[in-house]
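What follows is each chain in one-letter form.
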Amino acid sequence: MARFVEAGKKIVAVGRNYAEHAKELGNALPTEPLLFLKPTTAYITEGQAIKVPITCTSLHHEVELGIVIGEKGADISESDAMKYVLGYTLALDMTDRAKQEELKKKGQPWSVCKGFDTSCPVSSFIPKEKIPDPQNIRLWLKVNEEMKQDGNTKDMIFTIPHLISFISSKFTLEPGDLILTGTPSGVGPVQAGDVIEAGVGDIIKVTFPVEKK
Ligand SMILES: O=C([O-])CC(=O)C(=O)O
Ligand SMILES: [Mg+2]
């Protein structure tokens, strides 16, 4: 199991960081990063299954580049931000979309639709040097061997240094923290019995089955 998962530090996720994805769900583009948190009980690693929450009627996949933090820092400048990166992981931001729509309408927080058990599947740790340009790397996801998401981190609205700087102005970042940088377009439903495969370029590939809870 990846050390950052065992460290059990916080998971900070960014929403609506790709224009095409904001558009596909009918959301306006953010004027500053939209943040939410997942509890560390959301983590699973390969060999474990994504469990559909009992009351969930529409579980969506979202493939994202995860940034693993290596050093403690607050109020980090954009120019220093990459020094705080230990490496990367491929992460899925599994989302109870029907619940999220309901919460959005009521203006309520997203914790229950984004933070349930198994909502944060991750790959093993990817050392920093394996992704020399994290702002230009392909992210892809297939459901039952059919390509559903095929994006590139160059299309992020807020860059990785900007995200690290912004997040660290709100929450002190600590070694082992994970930042989910948002999903490109193509999100959609999965159900028990489906198999999700996803990857970062040719660098890493993961497989997660979806099962009933
Ligand atoms: O649920 C959403 O659309 C927000 C989000 O996590 C993302 O854009 O990655
Ligand atoms: Mg997401």
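Residues numbered from 1 in each chain as written. Chains lettered and ligands numbered in written order. Predicted model: local features only at pLDDT ≥ 70, side-chain atom pairs only at ≥ 80, totals over all residues. Heavy atoms only, no water.

Within an unreviewed UniProt entry, the label attached to the protein chain reads Oxaloacetate tautomerase FAHD1, mitochondrial, and the organism entered is Lingula anatina. Quoted verbatim from the Sequence similarities (unreviewed entry) field of UniProt, the annotation for the protein chain is "Belongs to the FAH family." (UniProt positions renumbered as here; feature names shortened; annotations may be inferred.)

1. Examining the overall build of the protein chain
Counting secondary structure elements, the protein chain contains five helices and 16 strands. A compact globule built from 213 residues would reach a C-alpha radius of gyration of about 17 Å, and the protein chain, at 16 Å, matches this within 12%. By its C-alpha atoms, the protein chain is 45 × 35 × 30 Å across when sized along the principal axes. Across the protein chain, the fraction of contacts at a sequence separation of at least 24, relative to all contacts at a separation of at least 6, is 76%. Total accessible area on the protein chain stands at roughly 9500 Å², and carbon and sulfur atoms take up 50% of it. Put simply, the protein chain has 25 plus and 28 minus side-chain charges, and the middle of one group is 4 Å from the middle of the other. (Helix = DSSP H or I, 4+ residues; strand = E, 2+ residues; numbered from the N terminus. Rg over C-alpha atoms; globule rule 2.2 N^0.38 Å. Contact = heavy atoms within 4.5 Å. Areas by Shrake-Rupley, 256 points an atom, 1.4 Å probe, with all protein chains shown as cover. Lys, Arg positive; Asp, Glu negative; His and termini not counted. Charge placed at Lys NZ, Arg CZ, Asp CG, Glu CD.)

2. Let's talk about the pattern of salt bridges
Counted by the stated rule, this structure contains 16 salt bridges. Two residues, aspartate 93 and lysine 38, come together in a salt bridge whose shortest N-O distance is 2.7 Å. With a gap of 55 residues between them, aspartate 93 in the loop between strand S7 (85-92) and strand S8 (95-96) and lysine 38 in strand S2 (residues 34-38) connect regions that are remote in the sequence. The two residues aspartate 93 and lysine 38 agree in class, both being buried. A salt bridge links lysine 83 to aspartate 80; the nearest nitrogen and oxygen atoms lie 2.7 Å apart. (Salt bridge = Lys/Arg side-chain N within 4 Å of Asp/Glu carboxyl O. Buried < 20%, exposed > 50% of the residue type's maximum accessible area, 1.4 Å probe, protein only.)

3. What to know about helix H5 (residues 160-168)
One full turn of an α-helix is made of 3.6 residues, so residues set three or four places apart face in the same direction. Burial analysis of H5 places eight of its nine residues in the buried class, the great majority of the element. Considered for burial, the residues of H5 that qualify are Ile160, Pro161, Leu163, Ile164, Ser165, Phe166, Ile167 and Ser168. Packed against the buried residues of H5 are strand S1 (11-15), S2, strand S6 (63-69), S7 and strand S13 (178-180).

4. A short note on the site of ligand 1
Every one of the 15 residues lining ligand 1 counts as a neighbour, but Arg16, His21, Asp93, Gln100 and Lys114 are closest to it. Note that an oxygen atom of ligand 1 is positioned 2.7 Å from one of the backbone N or O atoms of arginine 16. Between glutamine 100 and ligand 1, the recorded distance is 2.9 Å, taken from a side-chain N or O atom to an oxygen atom. Along the lines of polarity and charge, the residues of the shell around ligand 1 split into four nonpolar, five polar and six charged. (Near = heavy atom within 4 Å. Polar contact = N/O pair within 3.5 Å; in protein donor to acceptor, adjacent residues only side chain to side chain. Nonpolar A, V, L, I, M, F, W, Y, C, P; charged D, E, K, R; others polar.)

5. Some details on the coordination of the magnesium ion (ligand 2)
At the metal site, the magnesium ion (ligand 2) is ligated by Glu62 (OE), Glu64 (OE) and Asp93 (OD), and these contacts range over 2.0 Å. All donors to the magnesium ion (ligand 2) come from one chain, and their sequence spacing reads E-x1-E-x28-D. Remark: aspartate 93 occurs in the loop between S7 and S8 and glutamate 62 occurs in the loop between strand S5 (59-61) and S6; sequence separation between them is 31 residues. (Donors = N, O, S within 2.8 Å, 3.2 Å for Na, K, Ca; no water.)

6. As for helix H3 (residues 97-106)
Buried within H3 are the following residues: Arg97, Gln100 and Leu103. Seen from one end, H3 has its buried residues packed into an arc of 115°, which puts them on one side. Away from the buried face of H3 by more than 90 degrees, exposed residues Lys105 and Lys106 are located. Next to the buried residues of H3 lie helix H2 (19-24), S5, S8 and helix H4 (111-114). One or two residues past the end of H3 sits glycine 107, with phi positive at roughly 70°. (Arc of directions from axis to C-beta.)

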